[in-house]
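In case you want the letters, here they are:
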Amino acid sequence: MKLTKLQFTGLVLGISGFLLPLVVVFSGLSFAGHMALGIFLLAAMFWMFEPIPIYSTSILIILLEVILLSVEGPVFMNAELPTETLNRASKHFVIPAEAVSSQQLLYSIDSEGELVGNKVDVTPISKNRVQVEGASLTEGMTIVADAQHRLVQYQPNTYADYLGTLASPIIILFLGGFVLAEASVKYDLDRNLTRLLLGPFGSTPKFIVLGLMLVTAVLSAFMSNTATTAMMMTVILPIIARIDQGDALKVGIALSIPFAANIGGIATPIGTPPNAVVIGALSQQGMIIEFGQWMLYAVPVVLVMLVVAWATIMGLYPAKTERLKLDLSGSFNTTLRAKILYGVFAFTVLAWITEGIHGINSSIIALVPVAALTFFGVIDKDEIRNLPWEVLWLVAGGLALGIALDRTGLAQWLISSIEWGALSRIWLLLVFAVVAVAMSNFLSNTVTATLLIPLAISMASSGIAGSGFNLLITSLVIGISASLAMVLPISTPPNAIAISTGMIQTKDMAKAGVLIGVVGLVMVMIYSIFFWPFI
Amino acid sequence: MSSSIHILVVEDEPEVLDALIRDLEVFEEVFPVEAASTAEEARRVIDSMLDEGAKIGLILCDHVLPGENGVHLLISLQENPDTKAARKVLVTGQAGLEDTVKAVNDADLNHYIEKPWTEEELHSVIVNQLTSYVIENEKSVLPYMQVLDSERLAEVMHQRGNVSDY
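Residues numbered from 1 in each chain as written. Chains lettered and ligands numbered in written order. Predicted model: local features only at pLDDT ≥ 70, side-chain atom pairs only at ≥ 80, totals over all residues. Heavy atoms only, no water.

## Section: a nonpolar patch on the surface
Together, A:Ile15, A:Leu19, A:Leu20, A:Leu22, A:Val23 and A:Val24 make up an exposed nonpolar region whose accessible area comes to about 510 Å². Looking at the secondary structure, you find A:Ile15 in helix α1 (residues 5-23). (Patch = residues over 30% accessible without salt bridge, like charges linked within 9 Å, V, L, I, M, F, W, Y side chains within 5 Å. Areas by Shrake-Rupley, 256 points an atom, 1.4 Å probe, with all protein chains shown as cover. Salt bridge = Lys/Arg side-chain N within 4 Å of Asp/Glu carboxyl O. Helix = DSSP H or I, 4+ residues; strand = E, 2+ residues; numbered from the N terminus.)

Right, dumping it as structure tokens:
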């Protein structure tokens, strides 16, 4: 394995980041918070510089959390809080010096076993004993003899919580989508749907591009953006080949597909992994977003952005050709298994969208296609092996990181160092949106969402950003903005595929991508102020 | 990107070799072109390429060469596991039926180009053969889409599903 200079830098930064909290003690951060900080820094560096694949970083996160943070791991395996009973010696309480934290807190255990921090005044009386006074101290109280102990301010999770992220509802929802997509590819359902849906768009280039974009968006809402782009390339390349040299329409068509795929992914929870990150993180906070509810938030954004992208592309790359003939021949597979797939697909999508009516969780519904398609042999073990499992690991690692950040108090500690009160609610949303778009132009969209969501969550739970802060809207802003980055070939896999065909140059992509990114940001802000709060 | 895939041209007549290499220029950036004028030299070139970790994707071979003939060379390359995967094309005007049959049966000959060739014909054969090579031997087809048959490669990507969102 040979690393580039950048990857090597990331490797060194990641490992140093991991070791830093082991040697430096940060005031106000629990022992477990230090562990989590090490994992967080390692993950952030590895995800940004990719010395190892991003899914591998996710797997590493889960391993490190199980070892360093779980009840069953070696660190917390037999951990017990050292306690003492508070007794008055003459007039004052005298206790071990290390029982008082750097923030002058003495921890006591109340009748329910909960840890309570008591503000105390300290007077040293000997090398390792101090005399304390505090309003909440009482005779006979059980106090913690070591404020830096690893169990202070942290109740370790069982390792099953960290491992369980891989079977969390949102992952199962994705699995359902993956299985449907895999079967659709096998029976050519995606391409046949494309032909069927393109029919009504006629032969005017402008409308054909609109049709291509709408179909791409619809498919990528249910399949991966990348798989949709690869399939659409097989549809558009023969069309492009028949367009005259020098007609900008060639560029326009080649550009329309990845952009529509990126945008279309926003539309449903299973459209693209950043959506999963948002929904998964919110559900850990007890906020359940239904399938149809997500679509209600996201589809209006998708529609507007598609029109914006279409207008941008048509404006920048106007067609010279007046008529374009599409070859839409081809027929649906009519074998029994294909028909079962059509039925299962339709049922599943319908059941997902109507979750609000029947109330059955979309992750439960997602198991239906998995079970039915394997039951009837529509897909077999070859297709199951071919599912993009690494994407599930990637998302699961992100969710596990979120658990650790939340549980250890690290996320709260990180954001408490910034003066958020100075930012109004709208500015705060704008900051999140801009940072998300900027980051995900260079990093994986999923990683961007994974790194930003815990910050939003801790802002909400700590109340640090004020009462006007809305976690749901902030999370939507992060998740959707992460999908609006399409300036560079590396911004998303669909962009990379489109560039690889050689039909477009990076500068074409950058020009249109910047325009769409900026308009997208404005749209997200408008929705977050005028639309989302009212549904 | 994985190790580079080379094209090897074996032709003894300098003018013909030049013409072939000129027609191959469009591929040069992605598929470096190597030349040899005898079977013996071809083996040396192949050995040094393999030593550098490069692969041979396509061999364009003349039949009539000084010493060992082209068909014989192709058969021996077919028997060598390191060069078995390479696509093999005979570019010749003088191979008799017997030799040609031998090349098809024993060297798994992929294509036969009769001299004189046209640039379009050569171009389409090479695109076709290299596309097949890439599909059969490379995990990621993305780096080759621009010069090869992008439609076929996109279809393979679609079928394999080995590129995913992240």
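## Some thoughts on the interface of chain B and chain A
The interface is formed by 16 residues belonging to chain B together with 32 residues belonging to chain A. Of the roughly 2000 Å² buried where chain B meets chain A, counting both sides, 58% is carbon and sulfur surface. Per-residue buried area on chain B facing chain A is highest for B:His158, B:Asp165 and B:Tyr166; these three make up 42% of the total on that side. Seen at the junction of chain B and chain A, the total is one salt bridge. One salt bridge in this structure joins B:Glu155 and A:Arg191, with 2.7 Å as the shortest N-O distance. At the junction of chain B and chain A, the tally comes to eight residue pairs in polar contact (both at pLDDT 80 or more). Residue composition of the side of chain B that touches chain A, grouped by class: six nonpolar, six polar and four charged. (Contact = heavy atoms within 4.5 Å. Buried area = accessible area lost by both parts, 1.4 Å probe. Polar contact = N/O pair within 3.5 Å; in protein donor to acceptor, adjacent residues only side chain to side chain. Nonpolar A, V, L, I, M, F, W, Y, C, P; charged D, E, K, R; others polar.)

## So, unusual backbone geometry
Residue B:Pro116 is bonded to the preceding B:Lys115 through a cis peptide linkage, with omega at -5°. Among the secondary structure elements, B:Pro116 is positioned in the loop between β5 (111-114) and α6 (119-137). Non-glycine residue A:Glu50 carries a positive phi angle of around 50°. When you line up the elements, A:Glu50 lands in the loop between α2 (31-49) and α3 (54-69). Classification of A:Glu50 by relative accessible area gives partly exposed; the value is 35%. (Buried < 20%, exposed > 50% of the residue type's maximum accessible area, 1.4 Å probe, protein only.)

## Looking at the sheet that holds strand β5 (residues 115-119) of chain A
Residue and element names in this part refer to chain A. If you walk across this open sheet you meet the four strands as β1-β8-β4-β5, and the pairing is antiparallel. Bordering the open sheet on either side are β1 (83-85) and β5, each of which pairs with just one other strand. Mean inter-strand twist for the sheet, computed between neighbouring axes without regard to direction, equals 40°. Here five bridges tie strand β4 (residues 105-109) to β5, and the two strands are oriented antiparallel to one another. Residue pairing in the sheet places Leu106 in a bridge with Asn118 of β5. (Pairing = 2+ DSSP bridges. Axes fitted to C-alpha atoms, helices over the stretch in contact; angles between N-to-C directions.)

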